[in-house]
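# Observations on chain architecture
Take a look at the letters that make up each chain.
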Amino acid sequence: CEGHGMKAVIMAGGKGTRIAHLYGEIPKPMIPVLGRPVLEHQVEALRSQGISDLLMVIGHLGHLIKAHFGDGTRFGVRISYFEEDVPLGTAGALYFLRDELREDFLLLNGDVIFDFDIQRFMQHHEKNHGLATILTHPNNHPYDSAIIEADDKGKVTRWLHKEEPRTYCRNRVNAGIHIISPDMLLKMSGQGKCDLDRDLLKPMIETG
């Protein structure tokens, strides 16, 4: 597949506290599925669609991720790393990466396995001129996930977190896969812990 130059940033620094009783000795993105770490499935899916410039944000037990992937040569990609000394939430590291992320980039949670048309996702993002485009999907446990409401053009109108009251609505949750414009990073108030959904994406709904 011919590359198209988009960088992928993978947030792989989480502790995975809910699954730690099964896999407490490895970071959550390194949990094996079909004999390979989740993160390796991601790298292969990206490479197969021409995305070979990867930046992994690592923290808890991150040395195990670096030891497995190195500079990415073995997997046919280029991998650089940003290491969090203290946990910065799901988006805090982006503040420190602003100078490096000068163009629209793919932002992935490090614990999801996916198979979708990235090119089509990019085209949708470009057509709608948004600061952020998020991939949504139905799941079988919507009440412990953030429900996304959107209009018939795909514009997000409400973002309901699991603790917020909701009436019945279509089961559409954030898949943890996004395309982000560097202009969105200008909305970050400063360094420190930052939640991508609550602190950056949800507040943008009010401003359109």
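What you see is a predicted model, and the numbers here were worked out from it, not measured in a lab.

### Section: the environment of Val-57
- Position of Val-57 among the secondary structure elements: in strand E4 (residues 53-58).
- By relative accessible area, Val-57 is classed as buried at 1%.
- For the pair Val-57 and Leu-34, spaced 23 residues apart in sequence, the C-alpha separation works out to 24 Å.
- With residues up to four places along the chain from it excluded, the contact list for Val-57 reads Val-9, Ile-10, Met-11, Ala-12, Gly-13, Phe-82, Glu-84, Ala-93 and Leu-97.

### Some details on the packing of helix H1 (residues 38-48) against helix H2 (residues 62-69)
- At a closest axis distance of 11 Å, the pairing of H1 and H2 adopts a crossing angle of 45 degrees. One finds that H1 runs oblique with respect to H2. Along this stretch, H1 crosses H2, giving a crossing that reads as right-handed. Residues Leu-39, Glu-40 and Val-43 of H1 touch H2, and the partners they reach there are Ile-65, His-68 and Phe-69.
- Tallied by class, residues from the contact of H1 with H2 come to four nonpolar, one polar and one charged.

### Re the side chain of Asp-197
- Inspection of the secondary structure assignment puts Asp-197 in helix H6 (residues 196-204).
- Within the buried core, Asp-197 has no salt-bridge partner, and the shortest N-O distance to an opposite charge, that of Arg-198, equals 6.8 Å.

### Digging into H1
- Burial of H1 is extensive: eight of the 11 residues sit out of reach of the surface.
- Within H1 the residues assigned to the buried category are Val-38, Leu-39, Glu-40, His-41, Gln-42, Val-43, Ala-45 and Leu-46.
- Following H1 by one or two positions, Gly-50 has its phi on the positive side, about 90 degrees.

### Considering the nonpolar core
- Within the largest apolar cluster, 28 residues are counted, with the highest numbers of intra-cluster contacts made by Leu-46, Met-56, Phe-69 and Leu-106.
- Of all elements in the fold, only strand E1 (7-12), H1, E4, H2, strand E6 (105-109), helix H4 (118-128) and strand E10 (173-180) reach the threshold of two or more residues within this core.
- With four residues, the top contributor of residues to this core is H1.
- The residues touching Leu-106, leaving out its near neighbours within four places in the chain, are Met-6, Lys-7, Ala-8, Val-9, Leu-46, Ile-51, Ile-118, Phe-121, His-178 and Ile-179.
- Of all hydrophobic cores here, the second largest spans 27 residues; its members include Leu-55, Leu-97, Phe-105 and Ala-146.

### A closer look at the pairing of E1
- Most of E1 sits out of view: six of its six residues are buried.
- Here E1 shows a buried face lined by Lys-7, Val-9 and Met-11 and a second buried face lined by Ala-8, Ile-10 and Ala-12.
- Sheet topology note: the E1/E4 ladder contains six bridges and is parallel. Looking at E4, one finds that Met-11 is bridged to Val-57.

### What about the packing of aromatic side chains?
- Applying the stated criterion to the full structure yields five aromatic pairs.
- With 5.0 Å between their ring centres and 45 degrees between their planes, Phe-69 and Phe-75 make a pair best called tilted. Here Phe-69 and Phe-75 have matching classes, each one buried.
- Between the aromatic rings of Tyr-95 and Phe-96, the centroid separation amounts to 5.6 Å while the plane-to-plane angle is 90 degrees, which identifies the pairing as edge-to-face.
- One aromatic cluster is present, formed by Phe-82, Tyr-95 and Phe-96 through successive ring pairs.

### Overview of the environment of Gln-191
- Note that Gln-191 resides in the loop between helix H5 (182-185) and H6.
- Separated by 103 residues in sequence, Gln-191 and Leu-88 have C-alpha atoms that sit 8.7 Å apart.
- Residue contacts for Gln-191: discarding those within four places in its chain leaves Tyr-95 and Phe-96.

Definitions and cut-offs
- What you see as residue numbers is a count from 1 along each chain, following the sequence as written.
- The predicted origin of the model limits local features to residues at a pLDDT of at least 70 and limits the giving and counting of side-chain atom pairs to 80 or more, whereas totals for whole chains, interfaces and linings rest on all residues.
- Excluded from the side-chain calculation are hydrogens and water; included are all heavy atoms of the structure.
- Under the scheme used here, helices are H or I runs from DSSP no shorter than 4 residues and strands are E runs no shorter than 2 residues, and both carry numbers assigned from the N terminus.
- Categorising residues by exposure relies on relative accessible area from a 1.4 Å probe, with only protein chains included: less than 20% of the type maximum marks a residue as buried, more than 50% marks it as exposed, and the intermediate range marks it as partly exposed.
- We call two residues in contact when some of their heavy atoms are within 4.5 Å.
- Fitted lines through C-alpha atoms serve as axes, helices being fitted only where they are in contact, and the angles separating the N-to-C directions of these axes extend from 0 to 180 degrees.
- Angular relationships are summarised with four words: roughly parallel below 35 degrees, roughly antiparallel beyond 145, roughly perpendicular across 65 to 115, and oblique for the angles in between.
- Each helix crossing is assigned a hand: it is left-handed if the near helix lies turned anticlockwise from the far helix by less than a right angle, otherwise right-handed if that turn is clockwise.
- Put simply, Ala, Val, Leu, Ile, Met, Phe, Trp, Tyr, Cys and Pro go in the nonpolar bin, Asp, Glu, Lys and Arg in the charged bin, and everything else, Gly too, in the polar bin.
- When charges are counted, neither His nor the chain ends are considered; positive counts come from Lys and Arg and negative counts from Asp and Glu.
- Note on definitions: salt bridges are taken to be side-chain nitrogens of Lys or Arg within 4 Å of carboxyl oxygens of Asp or Glu.
- Definition of nonpolar core: a set of buried residues of the types Ala, Val, Leu, Ile, Met, Phe, Trp, Tyr and Cys, connected through side-chain atoms within 4.5 Å.
- A pair of strands is considered paired only if DSSP assigns at least 2 bridges between the two.
- A pair of Phe, Tyr and Trp rings is counted when the ring centres sit within 6.5 Å of each other, with Trp represented by its six-membered ring. The angle between the planes then sorts it: under 30 degrees is stacked, over 60 is edge-to-face, the rest tilted.

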